[in-house]
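Fold and contact review
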Amino acid sequence: MSPGVLGRWDKRHVWHPFTQQAEWAGREPLIIRSGRGVWLRDVKGRRLLDGNSSLWVNVWGHRRPELDRALKHQIDKISHTTFLGLTHEPAVRLAKKLVDIAPKGLSRVFYSDNGSTAVEVALKMAYQYWQLRRRNSKTKFVSLKEGYHGDTVGSVSVGGIELFHARFRDLLFKGWQVTPGGRHPGGRKPGSIMIDPGFRRGDDMERVLRRHHSSIAAVVMEPLVQGASGIRLIPRGYLAHVSRLCRKYGVFLIVDEVATGFGRTGTMFACEQEGVSPDFLCVAKSLTGGYLPLAATLTTEKVYRAFLGRYDEFKAFFHGHTYTANPLACAVALANLELYKKTGLLGDVRQRTSELSAGLAPLRDHPHVKEVRQVGLMAGIELVQDKRAGRAYPAGARMGLKVCDEAITRGVWLRPLGDVIVLLPPLAISEKELAFFIDVVRNSVILALE
Ligand code: PLP
């Protein structure tokens, strides 16, 4: 089909996520035809480096032979069967693999389809657990301001981004939201392991848990970095601190590793960097290497056992999705996870992390760059109109989009979060590809803000 027709049909019939369609209608759509390695190719033959890993999912680049083979192999057996009342090899083997690599104590895997549902599952399991334990008052959740856990109503209820979530307030369940560390909205520099005294002495989290723990089911948070609110770093030590508080006050800890899981921060899971093993671990995105939608909520035997009983006690977890544990997705996830050790990917990610950090350093002095924030291969460049006064650009100026448009003309696909330029290249990006990526990003910021 010709690009012209595709573009017209898209504008006539398609509604894109997180998109002002009126703006989209006035732009020439970027139509992707294929991909190989870190490169996307559009219908006009342009080659673009996939600078946001196809929304933070891609690990090896596109068309990785081992993953393609796993998928084709599984197609020849079966593409889908229900997981309600049946089981199958890819899901069982993947569960075992996930338990093997997850932080200690997480031994049960509940599958779903995406990051939002992985979080919904954790919220509902935590809620039901306390009911089964006859602690009926423990029904509320504590989450972090500027947190993001997905777009279904439960995960929006524990979300803290004004722009995305405030409009739906009356639709949401109530809980507490606290500021991580109290005084460090931008967070600390990557690499710092100091525990900030601000959250040792009577921080928001401790106050809320001390006063209200008897009504709280769980705390839910992203570890190390709040991605969707603009790659905002959480002070180092805060996750471990919250984990200790949860134990002290008898509240579950749900860690949302949908964005950070599977190596994005340089370790398999970000939790590892603070020695934390949560009660619930939510994973999705890179689980399948960026191939297919699949998610999992991992939990402990303690939680699992609370749901056991005779059928007519109705303790079962009444939750599930039609495509839960889809065999194609599980097979490709298994092939993905098997490659980590074989290729030494995490070592490469750490090396690329240092290169990215060194490459972006000059931008810190730019008069319109407020901050460059980075953890692992996840970075955000925040643009401001007036650096000294900390004044943002007017939203309508679309400065983030301008920088990304500039990058596209130079061969890198990027999508901003407001005026934060988000950089998340595929984890297996080579040194040379990363150097190209950094060069384009630097030039695009400089040229677009001239
Ligand atoms: N949790 C986190 C930390 C995320 O970054 C995201 C998506 O970006 C989600 C949950 C939601 O995942 P999904 O878009 O797959 O529902």
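Rules and cut-offs
Residues numbered from 1 in each chain as written. Predicted model: local features only at pLDDT ≥ 70, side-chain atom pairs only at ≥ 80, totals over all residues. Heavy atoms only, no water. Pairing = 2+ DSSP bridges. Helix = DSSP H or I, 4+ residues; strand = E, 2+ residues; numbered from the N terminus. Axes fitted to C-alpha atoms, helices over the stretch in contact; angles between N-to-C directions. 1 Å grid on protein atoms, 1.4 Å probe; cavity = no way out; pocket = protein on both sides within 12 Å on 5 of 7 lines; lining within 4 Å. Points joined across faces, edges and corners; volume = space filled by probe spheres on them. Nonpolar A, V, L, I, M, F, W, Y, C, P; charged D, E, K, R; others polar. Buried < 20%, exposed > 50% of the residue type's maximum accessible area, 1.4 Å probe, protein only. Arc of directions from axis to C-beta. Contact = heavy atoms within 4.5 Å.

**Considerations on the sheet that holds strand S15 (residues 412–413)**
Pairing is mixed in the open sheet, where 4 strands are placed in the order S1-S2-S3-S15. A strand with exactly one partner marks an edge of an open sheet, and here the two such strands are strand S1 (32–36) and S15. Across 4 bridges, S1 lies against strand S2 (residues 39–42) in antiparallel orientation. Bridging across to S2, Gly35 finds its partner in Leu40.

**Thoughts on the sheet that holds strand S6 (residues 176–178)**
As summarised here, the arrangement of the 7 strands in space is S4-S12-S11-S10-S7-S5-S6, forming an open sheet in which the pairing is mixed. Each of the sheet's edge strands pairs with one partner strand only, and the pair in question is strand S4 (108–112) and S6. Across the sheet, the mean angle from the axis of one strand to that of its neighbour is 20°, orientation sign disregarded.

**Some remarks on the layout of surface pockets**
By volume, the second largest pocket is sized at about 610 Å³. Lining the second largest pocket we find 18 residues, and of these Val109, Phe110, Met125, Tyr304 and Phe317 sit closest to its centre. Secondary-structure elements contributing two or more residues to the lining of the second largest pocket are S4, strand S12 (295–299) and helix H11 (301–306). Ranked by the residues each element gives to the lining of the second largest pocket, the list is headed by S4, at 4 residues. When its residues are assigned to classes, the lining of the second largest pocket shows 12 nonpolar, 5 polar and 1 charged.

**A few points about helix H4 (residues 65–75)**
Those residues of H4 that sit buried are Leu67, Asp68, Ala70, Leu71 and Gln74. For H4, the angular spread of buried residues about the axis comes to 160°, placing them on one side. Exposed and oriented more than 90 degrees from the buried face of H4 are Arg69, Lys72 and His73. The elements touched by buried residues of H4 are helix H5 (89–101) and helix H12 (327–343).

Structural measurements only, silent on function.
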